Amino acid sequence: MNRSAPSPAEWTGDEGVDAVFDVVRETAVEVREALPERRAYVDGENPSGERVSAADEHADELFAERLLDLDAVASYASEEREDQQRADGGEYHLALDPLDGSSNLRSNNPVGTIVGVYDEPLPTSGSDLVAAAFVLYGPNTTMVVCDGETVDEYLIEGGDRKSLREDFTLPEDPTVYAFGGRRPDWTPGVTAAVEGFEEDRLKLRYGGAFIADVTQVLTHGGIFAYPELEDTPEGKLRYCFECAPVGLVVDAAGGRVSDGYGDLLDADPDELHERSPVYLGNADLVDRVEAELS
Ligand SMILES: O=P(O)(O)OC[C@H]1O[C@](O)(COP(=O)(O)O)[C@@H](O)[C@@H]1O
Ligand SMILES: [Mg+2]
Ligand SMILES: [Mg+2]
């Protein structure tokens, strides 16, 4: 039986998207509670060839089961499964990173969940995103929600949500930068851009979980990148599951998201698990990276 009732809380004003985000909020509480027992790796790799923790698997199973049960959901795709699951009917195609930064579990550092809501079947361009949200499991559980135009942040406590920041934008005076990959592997343009940020006295803040690092950028202003690398020009993060949904949030918060050569949200991936370099944060900083790479 599909679950369309009870009426979801208002997150974006679209009933189908709101039902998705209600399920994400409820499920995030369970995902968090289950983390302590699921820190170990299981056998096998995900479609990106990375190790999988028991927590990755568990979060993916919970989100898939609950979200595919909604009337509004036409398909569920995740970083942890090769193929997408289709539902009968529905209008929205979901792309999830069920647990982002899961290698942080062993060192007890933050992790997250990323949700992209597309109105076209995947893989598709970020311009087909109608909404996106992410959960950060830090000292508190928070959820950032974007309807494509505005960005709101909530504190998730048990069954409740409390507004923390409404219709917020990036601070104008940026103070942090976070670039992934090994410095010797950066291309000359990436190295030049970072040297410029260091001359401007931006401070390095890199924690190894995309959602946690992006939340620092949204809070303090700055730039996050998982850049092109000499031997992997496509970087590390996945376009449909990570780069585009989080890019939508940063773009709506008054920033920019680029693949280094143009707006990332206009790119069009061929493969569901395709990777893309990503640079996002205050627009002038992202512009500077593009200028160094051109
Ligand atoms: O260990 P590295 O190379 O710094 O990579 C860290 C990046 O990889 C990720 O962990 C990839 O995400 P997953 O953990 O969801 O695979 C990002 O969260 C993070 O930004
Ligand atoms: Mg991730
Ligand atoms: Mg993940």
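Residues numbered from 1 in each chain as written. Chains lettered and ligands numbered in written order. Predicted model: local features only at pLDDT ≥ 70, side-chain atom pairs only at ≥ 80, totals over all residues. Heavy atoms only, no water.

### As for the environment of Arg 39
Assignment of secondary structure puts Arg 39 in the loop between helix 1 (15-34) and strand 1 (41-45). Between the alpha carbons of Arg 39 and Glu 91 there is a distance of 35 Å; along the sequence they are 52 residues apart. In contact with Arg 39, other than residues within four places in its own chain, are Ser 53, Leu 105 and Arg 106. Here the side chain of Arg 39 touches Leu 105 through a polar contact of 3.4 Å, landing on its backbone oxygen. (Helix = DSSP H or I, 4+ residues; strand = E, 2+ residues; numbered from the N terminus. Contact = heavy atoms within 4.5 Å. Polar contact = N/O pair within 3.5 Å; in protein donor to acceptor, adjacent residues only side chain to side chain.)

### Brief notes about helix 2 (residues 54-67)
For helix 2, which comprises 14 residues, the first-to-last C-alpha distance of 20 Å matches the rise-based estimate of 20 Å (1.5 Å per residue) to within 8%. When you tally the buried positions in helix 2, you get 10 out of 14 residues, the bulk of the element. For helix 2, every residue scored as buried is listed here: Ala 55, Asp 56, His 58, Ala 59, Asp 60, Leu 62, Phe 63, Ala 64, Arg 66 and Leu 67. Each element contacted by the buried residues of helix 2 is listed here: helix 1, strand 2 (51-53), strand 3 (73-78), strand 5 (92-100), strand 6 (111-118) and strand 7 (129-137). (Expected span 1.5 Å × (residues − 1). Buried < 20%, exposed > 50% of the residue type's maximum accessible area, 1.4 Å probe, protein only.)

### A closer look at the coordination of the magnesium ion (ligand 2)
Protein coordination at the magnesium ion (ligand 2) comes from Asp 97 (OD), Asp 100 (OD) and Glu 242 (OE), with a distance range of 1.9 to 2.1 Å. Here the donor residues for the magnesium ion (ligand 2) map to a single chain with the spacing D-x2-D-x141-E. Between the magnesium ion (ligand 2) and the magnesium ion (ligand 3) the interatomic distance comes to 3.8 Å, and Asp 97 is a ligand of both metals. Residue Asp 100 is found in strand 5, and its partner Glu 242 is found in helix 5 (residues 239-252); the two are separated by 142 residues along the sequence. (Donors = N, O, S within 2.8 Å, 3.2 Å for Na, K, Ca; no water.)

### Quick word on the packing of aromatic side chains
With the rule as written, the count across this model stands at seven aromatic pairs. Centroid distance Tyr 206 to Phe 224: 6.4 Å. Interplanar angle 10°. Geometry classified as stacked. Taken together, the residues Tyr 206 in the loop between strand 12 (203-204) and helix 4 (210-220) and Phe 224 in strand 13 (residues 222-226) connect sequence positions 18 residues apart. For Tyr 206, a relative accessible area of 39% puts it in the partly exposed group. For Phe 224, a relative accessible area of 2% gives the class buried. Through pairs of rings, three or more aromatic residues link up here, namely Tyr 177, Phe 179, Trp 186, Phe 197 and Tyr 279. Above the face of the Trp 11 ring, Arg 161 is positioned so that its terminal group lies 4.4 Å from the ring centre. Over the face of the ring belonging to Phe 168 we find Arg 165, whose NZ or CZ atom lies 4.1 Å from the ring centre. (Phe/Tyr/Trp six-rings, centres within 6.5 Å; stacked < 30°, edge-to-face > 60°. Lys NZ or Arg CZ within 6 Å of the ring centre and 35° of its normal.)

### Considerations on the sheet that holds strand 8 (residues 141-146)
The strand order 4-3-5-6-7-8-9-10 describes an open sheet built from eight strands, whose pairing is mixed. Unpaired on one side and paired on the other, strand 4 (85-86) and strand 10 (160-165) mark the two borders of the sheet. Bridging between strand 3 and strand 5 involves five bridges; their strand directions are parallel. Within strand 5, the residue paired with Val 73 across the bridge is Tyr 92. On the sheet, helix 1 packs against strand 3, strand 5, strand 6, strand 7, strand 8, strand 9 (151-157) and strand 10 and is oriented at approximately 15° with respect to strand 7. Packed onto the sheet, helix 2 meets strand 3, strand 5, strand 6 and strand 7 and runs at close to 155° relative to strand 5. (Pairing = 2+ DSSP bridges. Axes fitted to C-alpha atoms, helices over the stretch in contact; angles between N-to-C directions.)

### Notes on the pairing of strand 15 (residues 278-281)
One face of the sheet, then the other: side chains in a regular strand alternate in exactly this way. Residues of strand 15 alternate between two faces, with Val 278 and Leu 280 on one and Tyr 279 and Gly 281 on the opposite face, all of them buried. Pairing between strand 13 and strand 15: four bridges, direction antiparallel. Bridged to Ala 225 within strand 15 is Tyr 279. In the sheet, strand 14 (residues 256-258) pairs with strand 15 via three bridges, with the strands oriented antiparallel. Paired with Ser 258 across the strands is Tyr 279, a residue of strand 15.

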